[in-house]
Amino acid sequence: MTSKFPNSHLLSTLKSLLQIGQQGSTKALVWLLVAQSGLSLIVSGCSATNSANSTVKSVSDHQGSSTAQSSAPEKQTVVHIGYIKASLSAIAKERGTLERELAPKNIKVEWVGTFPSFAPVLETINAKSSDLGAGGDIAGLSALSGGINACIIAYRPANRNSEGIVVHADSPIRKFDDLIGKKVIVNRGGISEHLLLKLLEKENIPKDKVSRVYMKPDEALPAWASDHVDAWAVWDPWVASAEIKYNARQIPLPAQVLHYSLYMVDRDALKEKSEAIKEVIAILAKEAEWLNKHPQENQKVYQKVSGLPPEVVKRTFERRPVDGVLPLEPKVIADLQSAADWIYKQGIVQKRVEVRDALCPSS
């Protein structure tokens, strides 16, 4: 703010007033001094006000900026999960367990699938469209041999009664040795191929004496049902589906071959969002515990996500192993190493897998 009375005008006015009488000039002088003082105060006040306003504005702007920064939402972490139909992950998805528990932690789940087996899930992990997934150990070990940039973070207890080799009710195949010269459907590099080859080895039957026909489970059922092949090595619920829908029967197996399920994670994703992925694994572990304790609810949701008839689901659950998402332990690591060495020696994979090097870092 500037004065409306320049200093030159004030001096001229003062000279004029001094020419007036003593009393009048004195009064005028007093008035002039008061006016000048008031003017100075006004000018000073305006300057101070402007300065204060400028300071308030500056602080306000700064506080506003700080508030905006502090109130800005934290970046959400997104975890992509590839999943198999009718798996634990599929059940957790249906129940909304992960979404419900992760939302308060600013973690979002995006589901990739569904898939009939672990091999296509592993392909999504290799393509960076999934961060993690779970499925059969042989498929996981085969993918590791093939160079997938993933690690094993947890496992599920071994299947003991839910795998088998099915034939038609009127088939002449009655025992395992009867498979010689026959065609058997297996999933390439997966648990059913491992099952068949392991049993052939145990019975001292050369593996080329039985023809392997490679098909994914969802493709295999109609092929087997149409009698294009003689037998089908597979797991539940496919075994139960063949038994109930097509009156299939299982042939007795000479030995039991244990297979675990593996939870595998893309290594780059684990580095980028380690805490979020560990949260997902921990919640899935709790979900498995809850489902084991509530079999009726488990079966109900399983039937919904699988779309299978109630009788198929019932039989599947009669043989279904206890679920779980467990940390790797020495016995399991040793079993996996034995399986990895075996599939390498059999020529199923081209590179040996060192299982301990394939475990996810704990920190």
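Keep in mind that what you see is a predicted model, and the values were worked out from it rather than measured. (Residues numbered from 1 in each chain as written. Predicted model: local features only at pLDDT ≥ 70, side-chain atom pairs only at ≥ 80, totals over all residues. Heavy atoms only, no water.)

1. Looking at unusual backbone geometry
Here is step 1 of the chain: In the segment running from Gly 113 into Thr 114, the intervening peptide bond is cis, with an omega of 15°.
Here is step 2 of the chain: Tracing the sequence through the fold places Thr 114 in strand E2 (residues 107–115).
Here is step 3 of the chain: Here Asp 236 and Pro 237 are connected by a cis peptide whose omega angle stands at 10°.
Here is step 4 of the chain: Considering the arrangement of structural elements, one finds Pro 237 in the loop between strand E8 (231–235) and helix H9 (238–246). (Helix = DSSP H or I, 4+ residues; strand = E, 2+ residues; numbered from the N terminus.)

2. With respect to the side chain of Asp 137
Here is step 1 of the chain: Within the secondary structure, Asp 137 sits in helix H6 (residues 137–145).
Here is step 2 of the chain: Lys 331 provides the closest opposite charge to the buried, salt-bridge-free Asp 137, at an N-O distance of 11 Å.
Here is step 3 of the chain: In this view, Asp 137 contacts Ile 191, Leu 258, His 259, Tyr 260, Ser 261, Leu 262 and Leu 336; residues no more than four positions away in its chain are not counted. (Buried < 20%, exposed > 50% of the residue type's maximum accessible area, 1.4 Å probe, protein only. Lys, Arg positive; Asp, Glu negative; His and termini not counted. Salt bridge = Lys/Arg side-chain N within 4 Å of Asp/Glu carboxyl O. Contact = heavy atoms within 4.5 Å.)

3. So, the pattern of salt bridges
Pairing is possible between side chains of opposite charge, provided their charged atoms come close.
Here is step 1 of the chain: Counted under the stated rule, the structure contains 19 salt bridges.
Here is step 2 of the chain: Across the salt bridge formed by Arg 319 and Glu 243, the nearest N and O atoms sit 3.0 Å from each other. Here Glu 243 lies in helix H9 and Arg 319 lies in helix H13 (residues 310–319), a separation of 76 residues in the sequence.
Here is step 3 of the chain: Assessed through its relative accessible area of 18%, Arg 319 is described here as buried.
Here is step 4 of the chain: On the basis of relative accessible area, Glu 243 is assigned to the buried category, the value being 11%.
Here is step 5 of the chain: Residues joined in a network through salt bridges with shared partners are Asp 236, Glu 243, Arg 315 and Arg 319.

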